[in-house]
2 protein chains.
Amino acid sequence: MLEDLKAVVEATLDEVLPKQGERPAELSEAMRYAVGSGGKRIRPLICLASALAVGGRAEDARYPAAAIEILHNYTLVHDDLPAMDNDEERRGQPTVWKKFGEANAILVGDALQALAYLSLAKAPRNVARIADALGAAGVGVVQGQVEDIAATKDVEYIYTHKTADLFVAAAVMGGLAAGGGDDDIARLQKFALNLGLAFQYEDDILDGDSPYGLEKTEALAKATTDAAIAALEGLPGDVSALRTIAAMLLGRRA
Amino acid sequence: MLEDLKAVVEATLDEVLPKQGERPAELSEAMRYAVGSGGKRIRPLICLASALAVGGRAEDARYPAAAIEILHNYTLVHDDLPAMDNDEERRGQPTVWKKFGEANAILVGDALQALAYLSLAKAPRNVARIADALGAAGVGVVQGQVEDIAATKDVEYIYTHKTADLFVAAAVMGGLAAGGGDDDIARLQKFALNLGLAFQYEDDILDGDSPYGLEKTEALAKATTDAAIAALEGLPGDVSALRTIAAMLLGRRA
């Protein structure tokens, strides 16, 4: 089932991104390179699965799904820059600045962010609330990054904004695009916030490096996973795709 | 009259930008610094005046107006970066990267772009078409910049995208937010495209440095100015503010 949803994501990304050779050709090529084609596409899958969870069609959420993936990828392009993390490789390939130059990488990220909003504007309904959700996450992810760089040690703030904000936007946008009611949107919001936090705690456990220490992190991972799964109760549609995504992200815990 | 509209712009920017001290405080301070308070605010004035030109209220266009000014300022923050123009001063003050560091300047620009869409989401109607207009301009302005850096010498492409796209988005968003019909939006689009081009030609004439040579640039400036003014014919509302802005930008030509 997730494979079908992933095919929708890839087709929509291909449709929304500038065509290969579209002027300026170097920018179009670099934008496609940045978004790639081999990723797990977790956030857009959450978006499409959230449309199903409110009883709607995945198809209705395809443009917001492409938007959240494009926005996520712009953050990676900018994070990799020499003035930021100075990373030369990502997914085994040269980073965008390493391949296309630093000025182009700044511009590629900027164009991708604009393209994300251009994509969501094609959603079949609730575009104002969808734009609000992505705009809030777009500001939040930067706020989380700034706090992270400043090393303020407020882990909950950083995890909430740097990681969970995009999960929340993905779920909320999917629910809204499929016509979900306010109660359903609130459930999706709670699901995605806890999923994002659990994902981050799991990551810390796998890395063997948690700001909270292993014991507390294990407890937090369990509590947030349980809260995510519990939030799916009461959703009127098919929540099996969201459950599968949670299980995929959180291993045996979900 | 423009003073009243400018007051609406400044009040809305103040409302939409993060409050001084809002967490993370350095980001909030830098975002406010980047948008400033002393600029001419040409683009948001075009947006509000376009609402009046379709017979609507300036108030209805205040959030799109703030959005276009915030988006314009993010492009300046990124243009000034060391990897781009490497400018240390703007409007007689240190540029954002010079004052807050390079990583912060990248992030400030990124957060401002997101904030632009968060602002336009508050428009009272037509948010999907408004987001489409700003998203298209947000991509276009980068395309123009990439061609400019690549020195392809296609002046019309560069001027259209680097300069006129934001003028067009400003006018179209203002008309849409105030409920303008398709014919009115087309007139505003034509007005703003020509105004943007005329503004750029005038700039070349003042600089004494035009890619077309003085004689041809004078002729282009006159033709585009005339086309801009002619496009105002048939708009159902009060076009006096748009006329005043054109006269302000284009000196005695308009």
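For the structure itself, consult the block above.
The notes below deal with the structure included here. (Residues numbered from 1 in each chain as written. Chains lettered and ligands numbered in written order. Predicted model: local features only at pLDDT ≥ 70, side-chain atom pairs only at ≥ 80, totals over all residues. Heavy atoms only, no water.)

### Let's talk about the overall build of chain A
Alright, step 1. Of regular secondary structure, chain A possesses 11 helices and two strands.
Alright, step 2. Beginning at the N terminus, the succession of helices and strands in chain A can be written as α-α-α-α-β-β-α-α-α-α-α-α-α.
Alright, step 3. Taken over C-alpha atoms, the radius of gyration comes to 18 Å for chain A, in line with the 18 Å a tight globule of 254 residues would show.
Alright, step 4. Dimensions of chain A, computed from the C-alpha atoms along their principal axes, are close to 50 × 45 × 30 Å. (Helix = DSSP H or I, 4+ residues; strand = E, 2+ residues; numbered from the N terminus. Rg over C-alpha atoms; globule rule 2.2 N^0.38 Å.)

### Points about the relation of the copies chain A and chain B
The two chain copies are related to each other by a rotation about an axis together with a translation along it.
Alright, step 1. The two copies are related by a screw motion: chain A maps onto chain B through a turn of 180 degrees and a shift of 0.0 Å along the axis, at an RMSD of 0.0 Å. The transformation relating the two chain copies, once decomposed into turn and shift, fits a two-fold axis.
Alright, step 2. By residue overlap, the copies meet face to face through one surface: 100% of the interface positions of chain A are interface positions in chain B. (Least-squares fit on C-alpha atoms with pLDDT ≥ 70 in both. Contact = heavy atoms within 4.5 Å.)

### As for the side chain of Asp165 of chain A
Alright, step 1. By secondary structure assignment, the location of Asp165 of chain A is in helix H8 (residues 155–177).
Alright, step 2. Setting aside anything within four residues of it in sequence, one finds Asp165 of chain A in contact with Ala137, Gly140, Val141 and Thr160 of chain A.

### Focus on the nonpolar core
Alright, step 1. Grouped together as the largest cluster of nonpolar side chains are 180 residues, with contacts concentrated most on Leu112 and Leu134 of chain A together with Leu112 and Leu134 of chain B.
Alright, step 2. For Leu112 of chain B, the contacting residues outside a window of four places in its chain are Leu17, Met31, Ala34, Val35, Ile70, Asn73, Tyr74 and Val77 of chain B. (Core = buried A, V, L, I, M, F, W, Y, C linked by side-chain atoms within 4.5 Å. Buried < 20%, exposed > 50% of the residue type's maximum accessible area, 1.4 Å probe, protein only.)

### Points about the pattern of salt bridges
Alright, step 1. Considering all chains together, one arrives at 30 salt bridges over all chains under this definition.
Alright, step 2. One salt bridge in this structure joins Asp182 of chain A and Arg129 of chain A, with 3.1 Å as the shortest N-O distance. Of this pair, Asp182 of chain A sits in helix H9 (residues 182–207) while Arg129 of chain A sits in helix H7 (residues 127–149), and the two are 53 residues apart along the sequence.
Alright, step 3. On the basis of relative accessibility, which here comes to 38%, the residue Arg129 of chain A falls in the partly exposed class.
Alright, step 4. Salt-bridge contacts for Asp148 of chain B lead to Lys162 of chain B; the nearest nitrogen and oxygen are separated by 2.7 Å. Residue Asp148 of chain B is located in helix H7 (residues 127–150), and its partner Lys162 of chain B is located in helix H8 (residues 155–177); the two are separated by 14 residues in the primary sequence.
Alright, step 5. Assessed through its relative accessible area of 34%, Asp148 of chain B is described here as partly exposed.
Alright, step 6. Here Lys162 of chain B falls in the partly exposed class, since its relative accessible area comes to 32%.
Alright, step 7. By sharing partners, the salt bridges in this structure join Glu10, Arg41 and Glu69 of chain A into a single network. (Salt bridge = Lys/Arg side-chain N within 4 Å of Asp/Glu carboxyl O.)

### Looking at the interface of chain A and chain B
Alright, step 1. Counting residues at the interface gives 39 residues for chain A and 39 residues for chain B.
Alright, step 2. Taken together, both faces of the contact between chain A and chain B bury some 3500 Å²; the carbon and sulfur share is 70%.
Alright, step 3. When the shortest N-O distance is used, the salt bridge between Arg23 of chain A and Asp154 of chain B registers 2.9 Å.
Alright, step 4. At the junction of chain A and chain B, the tally comes to 12 residue pairs in polar contact (both at pLDDT 80 or more).
Alright, step 5. Among the elements that make up the side of chain A that touches chain B, the one with the highest residue count is H7 of chain A (14 residues). (Buried area = accessible area lost by both parts, 1.4 Å probe. Polar contact = N/O pair within 3.5 Å; in protein donor to acceptor, adjacent residues only side chain to side chain.)

### Focus: the packing of helix H2 (residues 25–35) of chain A against helix H6 (residues 102–120) of chain A
All names here are of chain A.
Alright, step 1. Closest axis-to-axis distance for the H2/H6 pair is 10 Å, and the angle between their directions is 75 degrees. Taken together, the axis directions place H2 and H6 in an arrangement best described as roughly perpendicular. Residue-level inspection shows Glu26, Leu27, Ala30, Met31, Ala34 and Val35 of H2 in contact with H6, the latter providing Asn104, Leu107, Val108, Ala111, Leu112 and Leu115.
Alright, step 2. Among the residues making up the contact of H2 with H6, the classes are represented as 10 nonpolar, one polar and one charged. (Axes fitted to C-alpha atoms, helices over the stretch in contact; angles between N-to-C directions. Parallel < 35°, antiparallel > 145°, perpendicular 65-115°, else oblique. Nonpolar A, V, L, I, M, F, W, Y, C, P; charged D, E, K, R; others polar.)

### Re the environment of Glu89 of chain B
Residues and elements named next belong to chain B.
Alright, step 1. Mapped onto the secondary structure, Glu89 falls in strand E1 (residues 89–90).
Alright, step 2. For Glu89, a relative accessible area of 56% gives the class exposed.
Alright, step 3. Considering only alpha carbons, one finds Glu89 and Lys99, 10 residues apart in sequence, at a separation of 9.7 Å.
Alright, step 4. Setting aside chain neighbours within four positions, we find Glu89 in contact with Pro94 and Thr95.

### A closer look at the packing of H8 of chain A against H9 of chain A
All names here are of chain A.
Alright, step 1. H9 packs onto H8 with a crossing angle of 145 degrees between their chain directions and a minimal axis gap of 8 Å. When you trace H8 past H9, the crossing you get is right-handed. Together, Tyr159, Thr160, Thr163, Ala164, Phe167, Val168, Ala171, Val172, Gly175 and Leu176 of H8 and Ile185, Leu188, Gln189, Ala192, Leu193, Leu195, Gly196, Leu197, Phe199, Gln200, Tyr201 and Asp204 of H9 make up the contact between the two elements. (Left-handed = near helix turned anticlockwise from the far one by under 90°.)

### A few points about unusual backbone geometry
Most of the time, phi is negative for any residue but glycine, and the peptide bond is trans.
Alright, step 1. The omega torsion of the bond from Arg23 of chain A to Pro24 of chain A falls at -10 degrees, within 30 degrees of zero and hence cis.
Alright, step 2. Structurally, Pro24 of chain A can be placed in the loop between helix H1 (2–16) and H2.
Alright, step 3. In the Ramachandran plot, Arg41 of chain B falls in the positive-phi region, its phi being about 60 degrees despite a non-glycine side chain.
Alright, step 4. Among the secondary structure elements, Arg41 of chain B is positioned in the loop between helix H2 (25–35) and helix H3 (42–53).
Alright, step 5. Judged by relative accessible area, which is 2%, Arg41 of chain B ranks as buried.
Alright, step 6. In this model, Asn86 of chain B sits at a positive phi of 55 degrees, which is unusual for a non-glycine residue.
Alright, step 7. Within the secondary structure, Asn86 of chain B is located in the loop between helix H4 (62–79) and E1.

Keep in mind these numbers describe shape, not what the thing actually does.
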